[in-house]
Structures are given as structure tokens and as C-alpha cells.
Amino acid sequence: MKVKTILVSQPEPKGNSPYFYLSEKQKVKIDFRSFIHVEGISVKEVRAEKIDLKNYTAVILTSRNAVDHFFRIAEELRFSVPTDMKYFCQSEAVAYYLQKYVVYRKRKIYVGQRSFTDLGKLIKKHKAERFLLPSSDKLKDMIPVTLDELGVTWTRLDLYKTVMSDLSSLENVMYDVLVFFSPSGIDSLFKNFPDFKQKDTRIAVFGNTTVKAATDAGLKINILAPTPESPSMTMALEKYIKEANK
């Protein structure tokens, strides 16, 4: 069956996204809708964790959400972040975003290549620091495992949580392809539509954990990324559309 409509379970991208190019080139309609969103944990709940921010000399930042909520809670707790605080950012994108809150050139900022394993190599060189990990309620297992293996002193502090979005407005809307990037997106689909039947809908997934969640939910996966041939989701979609729309 031909592909004419695609729903991507993420916010609409800004700027020159490959999705816009794909839509124009393959003459398909691509919509965007967040299946999940992030909410901050209240300062009352954070206080209940009984963690004193002044006891830490370094912060590990794995995402822009971690940056936002670390500085949010610091402000709500009336904690003035020391100028000599060290920041360990998982990627250049996270480090760049940090400039929203600090004067970049005046801070000690360490940047990983992309993965947490890469960042771990930098953390290992600063084992004397006391690390704080601002986290969501859903943390990848490999992060605490990596930190424990490094033998550093670290503490996890949950500051935000992943919440399923209300998708009721999509109840009577049909798409040829649904695109997912996380297990939470799959969970949100069935939370919003418990009676969902795949039928002729094609399912596209990104990453091994999303593959497992989709399979466990009884979905048939039609489009998979990343692969050696299709390292990005847009490339995987284009390859499938070319075949389906012949």
C-alpha cells in the first residue's frame, strides 16, 4: 500500500529539517505530535529527597531538560550555583544550551562526543569531584552502571518526569505510518487508545529499546532505524516510501 500520510510522535522541528525535505521530495504529508512531554517535579518533592546542592562540586548534564530543571530547582531552593561548579555535558548541544544560564567562557565545562560512555572518560579524569546527576524518573540503566564502574562519588536527583500527552484529538484521524522514538511513545499510544489495532498502519521505530516495546505491544515493525543502510529515520522512511509508492 502506498504511503501518503505520516505522523511523527515528536514536536515539529524548527529550521531546515530533513522531514520537510522528505515531505516535499516524496509528496507525502508529514504531521508532528508529541506523544509524551516533560513536567518538572515540585520543589516540595525535591526537598523530600533530602539532597543538599551545596555538597556537590560537579553536575552531570545529559540533556537540555536536565539543564533547565537543575537551574529551575536551584532557583526555587534559593541556591546560588557556585561559579567554580564544574559541568559535564553529554554533547555539544547540551553544552551550548548551558549558555542560557551561565557565562560559558567563565565556567569549567567538559563536553563528551555524544554517548554517555564518551562522557564517562572525562568524568574518570576528575574522580575527586562529588557529582550530582539531575535526572528524569526514567533513567537509562547504563548511566548508573557506568558511574558505579568509574568508582566516582555521585548522587541521582530526580527533577522531572515523562508524562503521556493527551492525544484524544487524533481519535478519528488515520495515518499510513506512525513513527516512534521511545518506549514511552508506544506506551502513550495504547494509554490513549487501548483498543488500537494496527491493521494497515505501518510502524516505524528508532532504536533497540523502542523495537522491544513495539514488539512487546504486539505491533508489527515495518520501518527500522538506525541501520547501516539507513542511519537516520528520515532515510529509513524515504527508502520505504520509494518502494511502497512505485
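On a predicted model such as this, the values are computed, not experimentally measured, just so you know.

(A) Spatial organisation of the sheet that holds strand β6 (residues 108–111). Spatially, β3-β8-β7-β4-β5-β6 is the arrangement adopted by the six strands of the open sheet, whose pairing is mixed. A strand with exactly one partner marks an edge of an open sheet, and here the two such strands are β3 (36–40) and β6. Each strand axis lies, on average, 25° off the axis of its neighbour in the sheet, ignoring direction. One ladder, built from seven bridges, connects strand β7 (residues 130–136) with strand β8 (residues 153–164); its direction is parallel. Note that in β8 the partner of Leu-132 across the bridge is Thr-155. Each of β4 (58–61), β5 (86–89), β6 and β7 touches helix α5 (residues 116–124); the most contacted strand, β5, lies at about 150° to it. Its contacts with the sheet put helix α6 (residues 142–150) on β4, β7 and β8, and the angle it makes with β8 is roughly 175°.

(B) Looking closely at the nonpolar core. Grouped together as the largest cluster of nonpolar side chains are 27 residues, with contacts concentrated most on Leu-61, Phe-70, Phe-71, Val-81, Tyr-87, Cys-89 and Leu-98. Breaking this core down by element, the ones donating at least two residues are β4, α3 (64–76), β5, α4 (92–97) and β8. With six residues, the single largest contributor to this core is α3. With near-sequence residues (within four places) excluded, Leu-61 lies in contact with Ala-66, Val-67, Tyr-87, Phe-88, Cys-89, Gln-90, Val-94, Leu-98 and Pro-134. In terms of nonpolar packing, the next biggest core, distinct from the first, is built from 17 residues, Val-3, Val-8, Ile-30 and Leu-237 among them.

(C) Region of the structure containing the environment of Phe-35. Note on placement: Phe-35 falls in the loop between β2 (29–32) and β3. Residue classification places Phe-35 among the buried positions, given a relative accessible area of 3%. With 12 residues separating them in the primary sequence, Phe-35 and Arg-47 have C-alpha atoms 30 Å apart. Residues in contact with Phe-35, not counting those within four places in the same chain, are Leu-7, Ser-9, Met-164, Ser-165, Leu-167, Phe-180, Gly-185, Ser-188 and Leu-189.

(D) Spotlight on the side chain of Gln-26. Tracing the backbone shows Gln-26 in helix α1 (residues 18–26). Given the relative accessible area of 16%, Gln-26 is considered buried. Polar contacts involving the side chain of Gln-26 include one to the side chain of Glu-238, which spans 3.2 Å. Leave out the neighbours within four places in its chain, and Gln-26 touches Glu-238, Ile-241 and Lys-242.

(E) Representation of the packing of α5 against α6 in the model. Between α5 and α6, the least distance of the axes is 10 Å, while the angle of their chain directions is 25°. When the interaxial angle is binned, α5 and α6 end up roughly parallel. Considering the relative orientation of α5 and α6, their crossing is right-handed. Residues Phe-116, Thr-117, Gly-120, Ile-123 and Lys-124 of α5 touch α6, and the partners they reach there are Met-142, Ile-143, Thr-146, Leu-147 and Leu-150.

(F) Representation of the pattern of salt bridges in the model. For the structure shown, the criterion picks out nine salt bridges. Measuring nitrogen to oxygen at the nearest pair gives 3.3 Å for the salt bridge that ties Arg-72 to Glu-76. A residue pair is termed a helical-turn pair when its members lie 3 or 4 positions apart in one helix, as Arg-72 and Glu-76 do in helix α3 at four residues. For Glu-76, a relative accessible area of 38% gives the class partly exposed. Salt-bridge contacts for Lys-246 lead to Glu-243; the nearest nitrogen and oxygen are separated by 3.5 Å. Classification of Lys-246 by relative accessible area gives exposed; the value is 74%.

Cut-off values and rules
- Residues numbered from 1 in each chain as written.
- Predicted model: local features only at pLDDT ≥ 70, side-chain atom pairs only at ≥ 80, totals over all residues.
- Heavy atoms only, no water.
- Pairing = 2+ DSSP bridges.
- Helix = DSSP H or I, 4+ residues; strand = E, 2+ residues; numbered from the N terminus.
- Axes fitted to C-alpha atoms, helices over the stretch in contact; angles between N-to-C directions.
- Contact = heavy atoms within 4.5 Å.
- Core = buried A, V, L, I, M, F, W, Y, C linked by side-chain atoms within 4.5 Å.
- Buried < 20%, exposed > 50% of the residue type's maximum accessible area, 1.4 Å probe, protein only.
- Polar contact = N/O pair within 3.5 Å; in protein donor to acceptor, adjacent residues only side chain to side chain.
- Parallel < 35°, antiparallel > 145°, perpendicular 65-115°, else oblique.
- Left-handed = near helix turned anticlockwise from the far one by under 90°.
- Salt bridge = Lys/Arg side-chain N within 4 Å of Asp/Glu carboxyl O.

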